[in-house]
Amino acid sequence: MTTSSSERGVSLGMPELPAPAYPDDVRARLETDAREVIARYPDSRSALLPLLHLVQAEEGHVTRTGMRFCAEALGLTTAEVTAVATFYSMYRRRPSGDYQVGVCTNTLCAVMGGDAIFESLQEHLGVGNGETTGDGKVTLEHIECNAACDFAPVVMVNWEFFDNQTPQSARGLVDDLRAGRPVTPTRGAQLCTFKETARILAGFPDERDGAVAAGGSAGPASLAGLRLAKGETSPARVVHPRDGGPHDRAPERDVHEPSPTEHLSSHDAPQDTSASDPSHPSPTTTRDGGASPRPADSAGPTAEEGE
C-alpha cells in the first residue's frame, strides 16, 4: 500500500509566496532602529546579527517577515539572512514563551543533577524539549554548556544565570515566572521578558531603573584561576577526601567568605543539594594543592572541579 505525497506531508505545489511586509507603522519604527544599528559598523553586513535580535524583539521569534526586513535593510538576499538565522540557536524560529528556561545537560551539569532537573521540569510543566506552556509563559529546553561549570548545575532564563540548582529550586523558579512574581538571577538584574532581552542584545540600552548597576559579576569560584595567575598561591599540601584531611598541614590563611549580596537569587539551592556525596562532605582542592571549604551559600563545585 502506498501513501500520497500529501499524506506524507510533502508539498508538490507552488513555491512558498514571499513573506509579507510589516505594517507601515511597525516598519517605520524598525527602520529608525535599524539605521542606528547599521551606523555602528563599517560594513553594513556586520549588522545582521543585531538586526535579527531587533526583529526577534518585535515578535518574540524571527519570522519570514523579519528576515525579509533584515535582507532589505542590508541589501542581502533572504537566503543569506535565512542561512544565518537558522545557524544560531539564539534566534527562535517559532513562537515561544516570555521566558526561555534552559537547563544545561552538558557533562558536568548533567552528572551534578542537570538531567534530573530537566526531567523534573518536563513533568512539572507538562511540556517536552522546545515546547511552551499553555499560558505562553515558559519555553523549556535543554542546552549545552553555559560556561558556568563552577556553579553546576545551572539553569538559564533569558540568558541569565541561576546557579547551583536542584529539581525543587528549579520548579519554584518556573512557578514564580508563571505567577508573575519578580525573579532575580544569581548574578545580574531582575529578569525581563524574552522580547526585552532581545532588544538589549540588539544593542539598545536597558532602560529599567537600576538594571545596569545590578549587572552580574563572576563569583569567587570563577575567579580562582585569576587569583592563581596573580601569584596568590598557598603552600602545597596533600588532601585525602575520605580519611580525615591533609597529611601535611599548611599554615592557616584567610579564605574569602562571600557576602550575602554575592548570591542574589532566592532560587539558589542550599549547600548540600548538589554535592556529589552529601553524607560524606570533603574539602575541595585548589590547583596549587591547597584545600579550601565551599562557600556557605554555594553548592556548586569550584572552578578547578568545573574544569
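Here we summarise the structure given alongside this text.

Quick notes on the rules
- Residues numbered from 1 in each chain as written.
- Predicted model: local features only at pLDDT ≥ 70, side-chain atom pairs only at ≥ 80, totals over all residues.
- Heavy atoms only, no water.
- Core = buried A, V, L, I, M, F, W, Y, C linked by side-chain atoms within 4.5 Å.
- Buried < 20%, exposed > 50% of the residue type's maximum accessible area, 1.4 Å probe, protein only.
- Contact = heavy atoms within 4.5 Å.
- Pairing = 2+ DSSP bridges.
- Helix = DSSP H or I, 4+ residues; strand = E, 2+ residues; numbered from the N terminus.
- Salt bridge = Lys/Arg side-chain N within 4 Å of Asp/Glu carboxyl O.
- Axes fitted to C-alpha atoms, helices over the stretch in contact; angles between N-to-C directions.
- Left-handed = near helix turned anticlockwise from the far one by under 90°.
- Nonpolar A, V, L, I, M, F, W, Y, C, P; charged D, E, K, R; others polar.
- Expected span 1.5 Å × (residues − 1).
- Phe/Tyr/Trp six-rings, centres within 6.5 Å; stacked < 30°, edge-to-face > 60°.
- Lys NZ or Arg CZ within 6 Å of the ring centre and 35° of its normal.

**Side note on the nonpolar core**
For soluble globular proteins, the rule of thumb is that nonpolar side chains tend to be buried together. With 24 residues, the main nonpolar core has Leu51, Leu52 and Val81 as its most contacted residues. Filtering out sequence-adjacent residues up to four positions away, Val81 remains in contact with Leu48, Leu52, Met67, Cys70, Ala71 and Leu76. With 19 residues, the next largest nonpolar core counts Leu173, Val174, Leu177 and Val183 among its residues.

**Topic: the sheet that holds strand 5 (residues 160–162)**
The five strands are arranged 2-3-1-4-5 in an open sheet whose pairing can be described as mixed. Of all the strands in the sheet, just strand 2 (131–132) and strand 5 have a single pairing partner and so form its edges.

**Structural notes on the pattern of salt bridges**
As enumerated under the stated definition, the model contains 13 salt bridges in all. For Arg40, the salt bridge identified is with Glu36, shortest N-O distance 3.9 Å. The class of Glu36 is partly exposed, set by a relative accessible area of 43%. For Glu141, the salt bridge is made with Arg92, and the minimal N-O distance between the two is 2.9 Å. Remark: Arg92 occurs in the loop between helix 4 (78–85) and strand 1 (99–104) and Glu141 occurs in strand 3 (residues 138–143); sequence separation between them is 49 residues. Both residues of the pair, Glu141 and Arg92, belong to the buried class.

**A few points about the environment of Val81**
Inspection of the secondary structure assignment puts Val81 in helix 4. C-alpha separation for the pair Val81 and Phe69, spaced 12 residues apart in sequence, amounts to 9.7 Å.

**Focus on the pairing of strand 3**
Most of strand 3 is tucked away: five of the six residues are buried. Here strand 1 runs beside strand 3; their pairing, made up of six bridges, is parallel. Considered in strand 3, the bridge of Gly102 is made with Glu141. Where strand 2 folds back on strand 3, the antiparallel hairpin that results is connected by five residues, among which Gly136 adopts a positive phi of roughly 75°.

**Quick look at the packing of helix 2 (residues 48–59) against helix 3 (residues 64–74)**
Packed helix pairs are characterised by how far apart their axes lie and by the angle those axes make with each other. The contact between helix 2 and helix 3 brings their axes to 9 Å, and the two run at 145°. Crossing of helix 2 against helix 3: the hand is right-handed. Packed against helix 2, whose contacting residues are Leu48, Leu51, Leu52, Val55 and Glu59, the element helix 3 presents Gly66, Met67, Phe69, Cys70, Ala73 and Leu74 at the interface. Tallied by class, residues from the contact of helix 2 with helix 3 come to nine nonpolar, one polar and one charged.

**Points about unusual backbone geometry**
In this structure, the amide linkage connecting Ala152 to the following residue, Pro153, adopts the cis form with an omega of -5°. By the element assignment, Pro153 lies in the loop between strand 3 and strand 4 (155–157). For Asn158, which is not a glycine, the phi torsion comes out positive at approximately 50°. Looking at the secondary structure, you find Asn158 in the loop between strand 4 and strand 5.

**Description of helix 2**
In this model, helix 2 (12 residues) spans 17 Å end to end at C-alpha, consistent with the 16 Å of a helix rising 1.5 Å per residue. Counting buried positions over the 12 residues of helix 2 gives nine, a clear majority of the element. Restricting attention to buried positions, one finds in helix 2 the residues Leu48, Pro50, Leu51, Leu52, His53, Leu54, Val55, Gln56 and Ala57. Just downstream of helix 2 lies Gly60, where phi reads positive at about 85°.

**Considering the packing of aromatic side chains**
For the structure on display, the rule yields three aromatic pairs. Look at Phe87 and Tyr88: their rings are 4.9 Å apart centre to centre, the planes differ by 85°, and that puts the pair in the edge-to-face class. A relative accessible area of 34% means that Tyr88 is categorised as partly exposed. Measuring from centroid to centroid gives 6.3 Å for Tyr88 and Tyr91, while their planes differ by 85°, and the two rings are edge-to-face. According to the relative accessible area criterion, Tyr91 is buried, its value standing at 3%. Through a chain of ring-to-ring contacts, the aromatic side chains of Phe87, Tyr88 and Tyr91 assemble into a single cluster. Taking NZ or CZ as reference, Arg187 lies 4.3 Å from the ring centre of Phe161, over its face.

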